[in-house]
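Architecture and fold: a report
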Amino acid sequence: MSLLTVKDLRVSFRQDGQLIEAVKGVSFRLDPGETVAIVGESGSGKSVTALSTVSLLGGSAEVSGSVTYDGQEMIGADDRRLRQVRGNDISFIFQEPMTSLNPLHTLEKQIRESLELHQGLTGDAARVRIIELLQRVGIRDAESRLGAYPHQLSGGQRQRVMIAMALANKPDILIADEPTTALDVTIQAQILELLAELKREEGMGLLFITHDLGVVQRIADRVCVMKDGEIVEEGPTAEIFANPEHPYTRKLLGARAVGQPAVVPENAPVMVETEGLRVWFPIQKGFLKRTVGHVKAVNDANLTVRAGETLGIVGESGSGKTTLALAIMRLIASEGKITFDGGDVHGWSTRELRHRRADMQIVFQDPFGSLSPRMTCEQIIAEGMGVHGSPDGRAQRVLVAEVMEEVGLNPATMDRYPHEFSGGQRQRIAIARAMILRPKLVVLDEPTSALDMTVQVQIVDLLRDLQVKYGLAYLFISHDLNVVRAMSHRVLVMKQGDVVEEGEAEALFSAPKTEYARTLLAAALDLKAGAHQP
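Residues numbered from 1 in each chain as written. Predicted model: local features only at pLDDT ≥ 70, side-chain atom pairs only at ≥ 80, totals over all residues. Heavy atoms only, no water.

**Considerations on the pattern of salt bridges**
Scanning the model with the defined rule gives 26 salt bridges in all. Glutamate 193 is paired through a salt bridge with arginine 200; the nearest N and O atoms lie 3.3 Å apart. Classification of glutamate 193 as partly exposed rests on a relative accessible area of 30%. By relative accessible area, which is 52% here, arginine 200 ends up exposed. A network of salt bridges, in which partner residues are shared, links Asp341, Arg356, Asp359 and Lys440. (Salt bridge = Lys/Arg side-chain N within 4 Å of Asp/Glu carboxyl O. Buried < 20%, exposed > 50% of the residue type's maximum accessible area, 1.4 Å probe, protein only.)

Now the structure itself:
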């Protein structure tokens, strides 16, 4: 008997007086101990299908068809039944951890809440279980992190906490919506192995939503390919990958970021340079908050980036990649020398720093968390223009429309709000916001992490074209080494705050000198090879 059976599922949303059908007659099943992957481009209906299983779409959605869990109908079920199933029998790992975790509660409190509600675990028993869960998903020094808040963790660490919360009650079904999006390749491999192990031990069914086809091939037993709200192809993983029948499936399988960035002109000026850059966060304890040590987030980093050049920064989550970039932009305090476009960053006054912000832009890892839900797409993209005295009114709308087209967005959608866009579309809004001021330096913090493979290729091509057109310097932070290789002239490898290797991209990828770099590359190759482990 199937754990989950979906038959002729249809989901519509009312917008501007019209009924828009997001899911059109989807049918599939999930058996005990089986992994079914749903793949497709952003906006294809993958997440809407998953949320429909336990009625998480809210009152604005019109849902029809049938969704049965363990033989019981979920569509139209009463609230009491749904509360019993949600988080206990069917658990979710959502795509954007920062919007799913409560910023006011510690990690321990958030995981403990689920254990108390569904298992009755309290006190030391709950604490032991919480530590065990955090250790299983790869959180180092788990016991010391219990009192941490979400903002004190890296993007990858927050995603691992979400996975721990979802696994807390040993669910029958785990619905994972892009669960490895924010994770580096070594942790991706660990998490996928963990999920496979739990599936074997518990007989758990796993519904896996992702745009990473390497992950699909590694973990899934069966694949459902979605396009425009419909499943266009379904079958065993090995068969789909070996003999795809639908043109859209063949398009997805053929999508891969390739090529190299344009050659940097010999006379290109140095845009960013650091010497001995250090970021240490104090560890304070006791009533008087005495400093008893430091978290050494970045240690003595030296780097140089020229105009038109991309420096790729890679390493595991928590290695200091994003902290290094934020320090360069003077968004966090640091020590050491930072030079930007010939000026001493630490020596700038507040007024001068604000003026130079137009030349230094950033695309954050979590597109939903970095976009105001109360602002339209146009207002978000144009916000920087208002700060720096650029045109407003009609002229502003024209510039917004132009940059939206540059990043692959329809200008007709500029009056919509962030929640009306898919995850990939929100990331493109974030890129447009950074590009509209035509900066000299752009920090790209996992800019393709939320994008499906076909859009990744488009964004990589777009970023390379913009770099050549405007002579942009990029700091490109990513765990996707395939994208890093396609984007970067040079690569810097970080581990626990230290720069362990740096060099020309092709040389480093072909013959890494350090064991850590070799481990990263081996994990990436293993994921791309997609050794199937049903």
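**Observations concerning the pairing of strand 4 (residues 61–69)**
Taken together, the eight bridges between strand 1 (residues 4–15) and strand 4 define a ladder with antiparallel strand orientation. Along strand 4, the bridge assignment pairs threonine 5 with threonine 68. Hairpin connection between strand 4 and strand 5 (residues 72–73): a loop of two residues separates the two successive antiparallel strands, and aspartate 70 in this loop has a positive phi of roughly 50°. (Pairing = 2+ DSSP bridges. Helix = DSSP H or I, 4+ residues; strand = E, 2+ residues; numbered from the N terminus.)

**Here's the deal with the domain arrangement of the protein chain**
In many analyses, interface size is given as the accessible surface area lost on bringing the parts together. Each assigned domain of the protein chain is listed with its residue range as follows: domain 1 (4–254) and domain 2 (270–526). With centres defined by C-alpha atoms, the gap from domain 1 to domain 2 works out at 28 Å. Taken together, the contact pairs 30 residues of domain 1 with 30 residues of domain 2. Summed over both sides, the interface between domain 1 and domain 2 buries roughly 2300 Å², with carbon and sulfur atoms accounting for 49% of that surface. (Domains from an automatic or database assignment. Contact = heavy atoms within 4.5 Å. Buried area = accessible area lost by both parts, 1.4 Å probe.)

**Re the sheet that holds strand 10 (residues 230–236)**
Ordered by their spatial adjacency, six strands build an open sheet running 6-7-8-3-9-10, and the pairing between neighbours is mixed. For this open sheet the edge positions go to strand 6 (90–93) and strand 10, each flanked by a neighbour on one side alone. Across the sheet, the mean angle from the axis of one strand to that of its neighbour is 15°, orientation sign disregarded. When strand 7 (residues 173–177) meets strand 8 (residues 205–209), the two strands line up parallel, connected through five bridges. (Axes fitted to C-alpha atoms, helices over the stretch in contact; angles between N-to-C directions.)

**Some words on the sheet that holds strand 2 (residues 18–30)**
One open sheet holds the four strands; their spatial order is 2-1-4-5, and the pairing between them is antiparallel. Looking at strand neighbours, the two that pair on one side only are strand 2 and strand 5, the edges of this open sheet. The pairing of strand 4 with strand 5 spans two bridges and is classified as antiparallel. Following the sheet pairing, tyrosine 69 is matched in strand 5 by glutamine 72.

**Some thoughts on the packing of helix 15 (residues 423–435) against helix 16 (residues 453–470)**
Between helix 15 and helix 16, the shortest axis-to-axis distance is 13 Å and the interhelical angle comes to 5°. Comparing the axis directions of helix 15 and helix 16 gives the class roughly parallel. Residues Arg428, Ile431 and Met435 of helix 15 pack against Val455, Ile459, Leu463 and Leu466 of helix 16. Residue composition of the contact of helix 15 with helix 16, by class: six nonpolar, no polar and one charged. (Parallel < 35°, antiparallel > 145°, perpendicular 65-115°, else oblique. Nonpolar A, V, L, I, M, F, W, Y, C, P; charged D, E, K, R; others polar.)

**Quick word on the nonpolar core**
With 55 residues, the main nonpolar core has Ile381, Ile429, Met435, Leu463, Tyr474 and Val491 as its most contacted residues. Residue contacts for methionine 435: discarding those within four places in its chain leaves Val403, Val442, Leu463, Leu466, Leu472 and Tyr474. Among the nonpolar cores identified, the runner-up in size contains 46 residues, and Ala37, Leu101, Met204 and Val216 belong to it. (Core = buried A, V, L, I, M, F, W, Y, C linked by side-chain atoms within 4.5 Å.)

**Quick notes on the side chain of threonine 68**
Looking at the element boundaries, threonine 68 is found in strand 4. We classify threonine 68 as buried; its relative accessible area is 19%. Setting aside chain neighbours within four positions, we find threonine 68 in contact with Leu3, Leu4, Thr5 and Glu73.

**Thoughts on the pairing of strand 3 (residues 35–39)**
In terms of burial, strand 3 is a largely internal element, five of the five residues being buried. Of the two faces of strand 3, the one holding Thr35, Ala37 and Val39 and the one holding Val36 and Ile38 are both buried throughout. Note: strand 3 against strand 8, four bridges, orientation parallel. Its bridge partner being in strand 8, threonine 35 is matched across the sheet by leucine 206. Bridge count for strand 3 against strand 9 (residues 222–227) is four bridges, and the pairing is parallel. Within strand 9, the position partnered with isoleucine 38 by the bridge is cysteine 224.

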